[in-house]
Amino acid sequence: MKNPVYVREVTRSMRAPRMLLSIFLFNLLLAAVGVFLLNAAMEETGSGSRMDYSAVLRLYQLIACVEWGLMVVMMPVLTAGSISGERERGTLDILLTTGMPEISIIFGKLLAALSIIMTLLFSTLPVLSLVFIYGGIRFLGLIRLFLVLLVMAAYVGSVCLVFSAYAKTMTFSLICSYAVILCITFGTIFAAYLLFPVIGGGTGFMSHILLLNPTVTFLVFIYEQMGEFGIVAGLMGQIGMDQSGFLERHFLEFSLAAQLLVSALLIWAASLGLSPSGRIFGFRFHARR
Amino acid sequence: MDVRYNLLVNHISKGYGEQRILEDVSFGLLPGEILALSGENGAGKTTLMRILAGLLMPDQGDVLVGDRSMIKESRRAKQLIGYAPEQFGIYDSMRGREYLEYYGAACGLTGLRARRRIESLMDYFMLNEAGEQYLSRMSAGMKQRFSIARCLLHDPMLLLLDEPLNCLDPQGQNDFGSLMRSLSERGKSVLISSHNLSQLEGICTSVGFMKGGRLRRKEMLEKLMEDAQRNNPLLIRLPDRYQARRAASLLRPLSYVKSIAIDGLSLMVTMVPGQDRDREILELLLREQIATFFFGREKIRLEELFIRLNQEEKL
């Protein structure tokens, strides 16, 4: 069955000229960077010299990081105001009286934001495909990149949706969302580095905190994809993580699974924020004051 | 005989900490009943409306819409209500028809059924021309019409309308009245929360007054007006001053007449409370061959009645 909230959000966003403009400008910027780097790598090579393939891979790395950055910056914009904005406009109450389940409203908002962000990211596929000129990354590798970005977008989006579901204004929700995303993406790294000298060899704790950090997850993914396992090991080693441990060896998989699990919990918490009876799946948690 | 209510409110209470917003509110709405709910600011009307719409949970009590509890099975109960808040709840970026389609889908109305329903509502509310316009460019009155049409999409048995007449022009108000009456004839119940009682006078069938979180009075409009009018002075208009003085001297000694004021050719006869002797007075005047141009109680406006009730100490 179609989710009307999803359909409305996607239609509204896709219909807006700013979406088209965003895609155009984003791709223009990436293409300019891509062509510039590619050109620089070829000039460095010169005629008859050996081609340095790592320069092309660095191009891929750079574009992937820009995409990750775009996702982290854009997801709060798309989700933090989605419920609180409805509340401010006075449309949320009406939506809640239609009998539509709260979880469907939250899902509709999240899926719409994911569709929009993934459209924007997928649109960069031609620029990303520059790496195919000299090889180094397979098409399946690109698909993996988008899947990782999708999981992390869902994670970041669900964090923002919780604030959106409980905040009364869009501004407050947006500020809280950015603050928390900043804490998760960078704060946990600082915490890990600061805590390491205090805790010493408490590797388990460090690994567990960083499982929820999308920055670390993404860096691990990118370095592993490029075969630079040494950098990953070095980063982990600096905070006392034991690379021989099972969790550390499968950090990426565990990290993505943990973020998906937290996303599910956050979606549930956001639905709870919309439920006047505080009842979700038959369980009662609170009554709206 | 078992009375079947479209809405039954059972001992609803709501508070925030020490502050009581609603205190033991109970009432019922019969099929076809249009209740105008009035009260001063802060009387608890909006909180009550939000509880009835399932947007807020009461601390105590229950709300039954048809046979469904808004507390225990709120999703099913919500299928039977249409709610229009004072803010229209309009998406400016939507076209009129899209707005109805969106909420129709949210209510579970899709496909051909949805299209037919939307067409019929747009015809009824004369919204066909505005259907393709963006809501942001519409007048407040037009937005209000879309808002009320939206409430009726899923054919609810109970309508909850918060200040629905605020933005309507006289023609719009007239159409609104006709719509409410036709809904009433079809057995729907309507609860209208409004400050502007004068506009609701010809529309509602019953009136509720709220004060301090309590529903102080809820009665059928006819009975309430009759009671209030009975306390009004009896107005007798006579053909000349001589007849007026004669009538006054005739009525003054009567035990059930409290006082008489002469204002030109009119007499204002205030009766002893509880004494309803209009007929006897008229018969007495006729016996004495005193002709009257007007004989009756002064009509009371709903708004005046509200102010009077509000001022009563016991209220």
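Residues numbered from 1 in each chain as written. Chains lettered and ligands numbered in written order. Predicted model: local features only at pLDDT ≥ 70, side-chain atom pairs only at ≥ 80, totals over all residues.

A. Geometry of the overall build of chain A. Counting secondary structure elements, chain A contains 14 helices and two strands. Out of the 289 residues in chain A, the part that is buried amounts to 38%. Put simply, 79% of the contacts in chain A that link residues at least 6 apart link residues at least 24 apart. (Helix = DSSP H or I, 4+ residues; strand = E, 2+ residues; numbered from the N terminus. Buried ≥ 20, exposed ≤ 12 C-beta atoms within 10 Å, placed from the backbone. Contact = placed C-beta atoms within 7 Å.)

B. Just the interface of chain A and chain B, in detail. Counting from both sides, the interface comprises 20 residues of chain A and, opposite them, 22 residues of chain B. For the side of chain A that touches chain B, the secondary-structure elements that each account for two or more residues are helix H1 (4-15) and helix H5 (92-96) of chain A. Tallying contributions element by element places H5(A) first for the side of chain A that touches chain B, with four residues. A breakdown of the residues in the side of chain A that touches chain B according to their chemical character gives eight nonpolar, six polar and six charged. (Nonpolar A, V, L, I, M, F, W, Y, C, P; charged D, E, K, R; others polar.)

C. Region of interest: the nonpolar core. In terms of nonpolar packing, the biggest core is built from 139 residues, with Met71(A), Met75(A), Ile117(A), Leu161(A), Leu160(B) and Ile192(B) touching the most fellow members. The element contributing the most residues to this core is helix H8 (residues 139-166) of chain A, with 14 residues. Other than its neighbours up to four places away in sequence, Ile117(A) contacts Met71(A), Met74(A), Met75(A), Leu78(A) and Ala153(A). Within the second largest apolar cluster, 10 residues are counted, among which are Leu234(B), Leu238(B), Ala244(B) and Leu267(B). (Core = buried A, V, L, I, M, F, W, Y, C linked by C-beta atoms within 7 Å.)

D. Spatial organisation of the packing of H8(A) against helix H14 (residues 251-274) of chain A. All names here are of chain A. In the contact formed by H8 and H14, the axes pass within 8 Å of each other and the chain directions differ by 25°. Of the possible angle classes, the one that applies to H8 and H14 is roughly parallel. Crossing of H8 over H14 shows left-handed handedness. From H8, Val 148, Val 151, Met 152, Ala 154, Tyr 155, Ser 158, Val 159, Leu 161, Val 162, Ala 165 and Tyr 166 reach across to H14, where they touch Leu 256, Gln 259, Leu 260, Val 262, Ser 263, Leu 266, Ile 267, Ala 269, Ala 270, Gly 273 and Leu 274. Counted by class, the contact of H8 with H14 contains 18 nonpolar, four polar and no charged residues. (Axes fitted to C-alpha atoms, helices over the stretch in contact; angles between N-to-C directions. Parallel < 35°, antiparallel > 145°, perpendicular 65-115°, else oblique. Left-handed = near helix turned anticlockwise from the far one by under 90°.)

E. The arrangement of helix H11 (residues 214-225) of chain A in detail. Helix length check: H11(A) (12 residues) gives 16 Å between terminal C-alpha atoms against 16 Å at 1.5 Å per residue, within 8%. Within two residues after H11(A), Gly227(A) carries a phi angle of roughly 75°, on the positive side. (Expected span 1.5 Å × (residues − 1).)

F. The arrangement of the sheet that holds strand E11 (residues 234-237) of chain B in detail. Residues and elements named next belong to chain B. The four strands lie next to each other as E12-E13-E11-E14, forming an open sheet whose pairing is antiparallel. Two strands in the sheet have a free side with no partner beyond their single neighbour: strand E12 (257-263) and strand E14 (294-297). The sheet shows a mean angle of 15° between the axes of neighbouring strands, taken without regard to direction. Summarising the sheet, E11 and E14 pair through four bridges and their orientation is antiparallel. What sits directly across from Ile 236, in E14, is Phe 295. (Pairing = 2+ DSSP bridges.)

G. The arrangement of helix H1 (residues 45-52) of chain B in detail. Residue and element names in this part refer to chain B. Here H1 lies mainly inside the structure; seven of its eight residues are buried. Considered for burial, the residues of H1 that qualify are Lys 45, Thr 47, Leu 48, Met 49, Arg 50, Ile 51 and Leu 52. Just past H1, the residue Gly 54 takes up positive phi, approximately 80°.

H. Representation of the pairing of strand E7 (residues 158-162) of chain B in the model. Residues and elements named next belong to chain B. The buried count for E7 comes to five of five residues, which makes it a mostly enclosed element. Burial along E7 is two-sided: Leu 158, Leu 160 and Asp 162 facing one way and Leu 159 and Leu 161 facing the other are all buried. Bridging between strand E6 (residues 81-84) and E7 involves four bridges; their strand directions are parallel. From the neighbouring strand, Ile 81 faces E7, where its bridge partner is Leu 158. Examined bridge by bridge, E7 and strand E8 (residues 189-193) share five bridges and lie parallel to one another. Bridge pairing in E8 places Leu 159 opposite Val 190. On the question of chirality, the crossover connecting E7 to the parallel E8 by way of helix H6 (residues 170-185) is right-handed. (Right-handed = clockwise from strand over helix to strand, strands pointing away.)

I. Local environment of the confidence of the model for chain B. Here chain B averages 87 in pLDDT, while 98% of its residues score no lower than 70. This complex was scored by the predictor with a pTM of 0.82 and an ipTM of 0.81. (pLDDT = per-residue confidence, 0-100.)

J. Representation of the environment of Ile105(A) in the model. Locating Ile105(A) in the fold gives a position in helix H6 (residues 102-122). Distance in space between the C-alpha atoms of Ile105(A) and Leu235(A) is 40 Å, their sequence separation being 130 residues.

K. Examining the environment of Lys72(B) more closely. Residues and elements named next belong to chain B. As for its position among the elements, Lys 72 is in the loop between strand E5 (68-69) and helix H2 (74-78). Of the residues examined, Lys 72 has 13 C-beta atoms within 10 Å and is grouped as partly exposed. Separated by 10 residues in sequence, Lys 72 and Asp 62 place their C-alpha atoms 8.7 Å apart.

L. Representation of the packing of helix H3 (residues 96-106) of chain B against helix H4 (residues 111-124) of chain B in the model. Residues and elements named next belong to chain B. Contact pair H3 / H4: the axes reach a minimum separation of 10 Å and the direction vectors enclose 135°. The angle between H3 and H4 places the two elements in the oblique class. Crossing geometry of H3 relative to H4 is assigned as right-handed. Every residue of H4 that contacts H3 at Arg 97, Leu 100, Glu 101, Gly 104 and Ala 105 is listed here: Ala 114, Arg 117, Ile 118 and Leu 121. Partitioning the contact of H3 with H4 into residue classes produces five nonpolar, one polar and three charged.

M. Inspection of the sheet that holds strand E2 (residues 19-29) of chain B at higher detail. All names here are of chain B. The four strands are arranged E2-E1-E4-E5 in an open sheet whose pairing can be described as antiparallel. The strands lining the two open edges of the sheet, one partner per strand, are E2 and E5. In this sheet, strand E4 (residues 60-65) lies alongside strand E1 (residues 7-16) in antiparallel orientation, the contact comprising five bridges. Within E4, the position partnered with Val 9 by the bridge is Val 63. Sitting on the sheet, H1 is in contact with E1, E2 and E4, with an inclination near 60° to E2.

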